[in-house]
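Below, each chain spelled out in residue letters.
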Amino acid sequence: MIYIGSHISSSKGYAAMGRQALKLGADTFAFFTRNPRGGSAKEIRQEDVDKFLKIAKEGGFGKLVAHAPYTLNACASREEVRTFAREAFADDLRRMEYIPGNYYNFHPGSHVGQGTEEGIRLISEMLNENLKKEQTTTLLETMAGKGTEVGRTFEELQSIMEKVQLSDKLGVCLDTCHVWDAGYDIVNDLDEVLEEFDRVIGLKRLKAIHINDSLNERGSHKDRHARIGEGRIGLEALVRVIRHPCLERIPFILE
Ligand code: FE
Ligand code: FE
Ligand code: ZN
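The coordination sphere of the iron ion (ligand 2) contains the protein donors E141 (OE), D175 (OD), H210 (ND1) and E255 (OE), at a distance range of 2.1 to 2.4 Å. For the iron ion (ligand 2), the four donor atoms in the first shell make angles of 88 to 178° at the metal, so the coordination geometry reads as irregular. Each donor residue of the iron ion (ligand 2) lies on one chain, and together they are spaced E-x33-D-x34-H-x44-E. Separating the iron ion (ligand 2) from the iron ion (ligand 1) is a gap of 3.1 Å, bridged by E141, which donates to each. Remark: E255 occurs in the segment after β10 (251-254) and D175 occurs in strand β6 (residues 170-175); sequence separation between them is 80 residues.

What follows is the structure, encoded as structure tokens:
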């Protein structure tokens, strides 16, 4: 069983996203919880959610992978940026409860010169302040390591998660472009990369995959996506990811 879908605009609400997914033949999808480059969120209407839940049930949708705004940086150096991160994160988790049982994915953040260790501390602090037992599972996305991004190695993600009390509410969303740019050879050594993920984090935490190609060489730390099959990773390697027996039932999002 493979769940596969793409990113869908949330501007017209949940039911519209569900209909669009059906039209695309998708059985999962990703969407932004709020304005990705700003932060404002639209009011959620119960009626719209109910329509969506019906569509999702009839369409046999797998887990959706909601995406936090890019402006959410839990380890910013400026207090007001961290405050926005905390508030948006908490509000997003509350909003996710309209469609319970899905995933909420966020970029761990950029430490902007404070150092990886301090970044990891601030991210785990935000998680500890906001995770609740009864809420949706939150995913940390693997990052390319552009600038001062935290989460460029499996070890960094693990080190955030092991500082979190409710760490069973956490998982990982692996982005193929990002891990490639971070240096993991998913083209020639996919098995070895997944074994390493298993050793460092544990495959049971791998909850979603962003399928992206990359414009740059492995280890470039650039994070520039290419159209599928038109980058350095290539179609064949991405198909191997989708077909990998360890990754069955995980939602694949074509970004
Ligand atoms: Fe992302
Ligand atoms: Fe991604
Ligand atoms: Zn990216």
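Moving on, we come to the coordination of the iron ion (ligand 1). Taken together, H67 (NE2), H107 (NE2) and E141 (OE) make up the full set of protein donors to the iron ion (ligand 1), lying 2.1 to 2.3 Å away. Counting along the primary sequence, the residues that act as donors to the iron ion (ligand 1) give the motif H-x39-H-x33-E. H107 sits in the buried class, given a relative accessible area of 19%.

A few words now on the pattern of salt bridges. For side chains of opposite charge, pairing can occur when their charged atoms come near one another. What the rule picks out here adds up to 15 salt bridges. A salt bridge links R121 to E125; the nearest nitrogen and oxygen atoms lie 3.1 Å apart. Placement of the pair is R121 and E125 together in helix α4 (residues 116-130), with a separation of four residues, close to one helical turn. Classification of R121 as partly exposed rests on a relative accessible area of 38%. One salt bridge in this structure joins R218 and D185, with 3.9 Å as the shortest N-O distance. Here D185 lies in the loop between α6 (176-182) and α7 (190-200) and R218 lies in the loop between β8 (213-214) and β9 (225-226), a separation of 33 residues in the sequence. D185 sits in the buried class, given a relative accessible area of 15%. Salt bridges sharing partners connect three or more residues here, namely R34, D91, D92 and R94.

Because side chains alternate across strand β1 (residues 3-6), one face comprises the buried residues Y3 and G5, and the other comprises I4 and S6, none of which is buried. Pairing analysis gives four bridges linking β1 to β10, with the strands arranged parallel. Note that in β10 the partner of I4 across the bridge is F252.

Looking now at the packing of helix α1 (residues 14-24) against helix α2 (residues 46-58). Packing of α1 against α2 leaves a shortest axis separation of 7 Å and a crossing angle of 25°. Taken together, α1 and α2 sit at an angle that is classed as roughly parallel. Together, Y14, A15, G18, R19 and L22 of α1 and D48, V49, K51, F52 and I55 of α2 make up the contact between the two elements. For the contact of α1 with α2, the per-class residue count stands at six nonpolar, one polar and three charged.

Ranked by size, the top nonpolar core spans 67 residues in total, and within it F29, F89, F106, L127 and I209 carry the most contacts. Discounting chain neighbours no more than four positions away, the residues touching F29 are S6, I8, M17, G18, A21, F52, F61, L64, V65 and I253. By size, the runner-up hydrophobic cluster in this structure holds seven residues, among which are A30, V65, L139 and A208.

A word on the packing of helix α5 (residues 154-161) against α7. Put simply, α5 and α7 touch, their axes get as near as 10 Å, and they point 25° apart. Relative to α7, the element α5 lies roughly parallel. Two packed elements cross with a definite hand, and for α5 against α7 that hand is right-handed. Across the interface between the two elements, F154, E155 and Q158 of α5 pack against V193, E196, F197 and V200 of α7. Considering only residue class, the contact of α5 with α7 consists of four nonpolar, one polar and two charged.

On to the packing of aromatic side chains, then. Applying the stated rule across the entire model yields eleven aromatic pairs. Consider the rings of Y14 and F52, whose centres lie 5.8 Å apart with planes at 50°: the pair is tilted. Of this pair, Y14 sits in helix α1 while F52 sits in helix α2, and the two are 38 residues apart along the sequence. A single burial state applies to Y14 and to F52, both of which are buried. Both rings, one in F154 and one in Y184, keep their centres 4.1 Å apart while their planes meet at 15°; by these two values the pair is stacked.

This part is about the sheet that holds β6. A sheet is described by the order of its strands in space; here eight strands give the open sequence β1-β10-β7-β6-β5-β4-β3-β2, paired in parallel fashion. The strands lining the two open edges of the sheet, one partner per strand, are β1 and β2 (30-32). Direction aside, neighbouring strands of the sheet carry axes that sit 30° apart on average. Here β6 pairs with strand β7 (residues 206-211) via four bridges, running parallel. Bridge pairing in β7 places V172 opposite L206.

How each quantity is defined
Residues numbered from 1 in each chain as written. Chains lettered and ligands numbered in written order. Predicted model: local features only at pLDDT ≥ 70, side-chain atom pairs only at ≥ 80, totals over all residues. Heavy atoms only, no water. Donors = N, O, S within 2.8 Å, 3.2 Å for Na, K, Ca; no water. Tetrahedral: all angles 85-135°; square planar, octahedral: opposite > 155°, others 65-115°. Helix = DSSP H or I, 4+ residues; strand = E, 2+ residues; numbered from the N terminus. Buried < 20%, exposed > 50% of the residue type's maximum accessible area, 1.4 Å probe, protein only. Salt bridge = Lys/Arg side-chain N within 4 Å of Asp/Glu carboxyl O. Pairing = 2+ DSSP bridges. Axes fitted to C-alpha atoms, helices over the stretch in contact; angles between N-to-C directions. Parallel < 35°, antiparallel > 145°, perpendicular 65-115°, else oblique. Contact = heavy atoms within 4.5 Å. Nonpolar A, V, L, I, M, F, W, Y, C, P; charged D, E, K, R; others polar. Core = buried A, V, L, I, M, F, W, Y, C linked by side-chain atoms within 4.5 Å. Left-handed = near helix turned anticlockwise from the far one by under 90°. Phe/Tyr/Trp six-rings, centres within 6.5 Å; stacked < 30°, edge-to-face > 60°.

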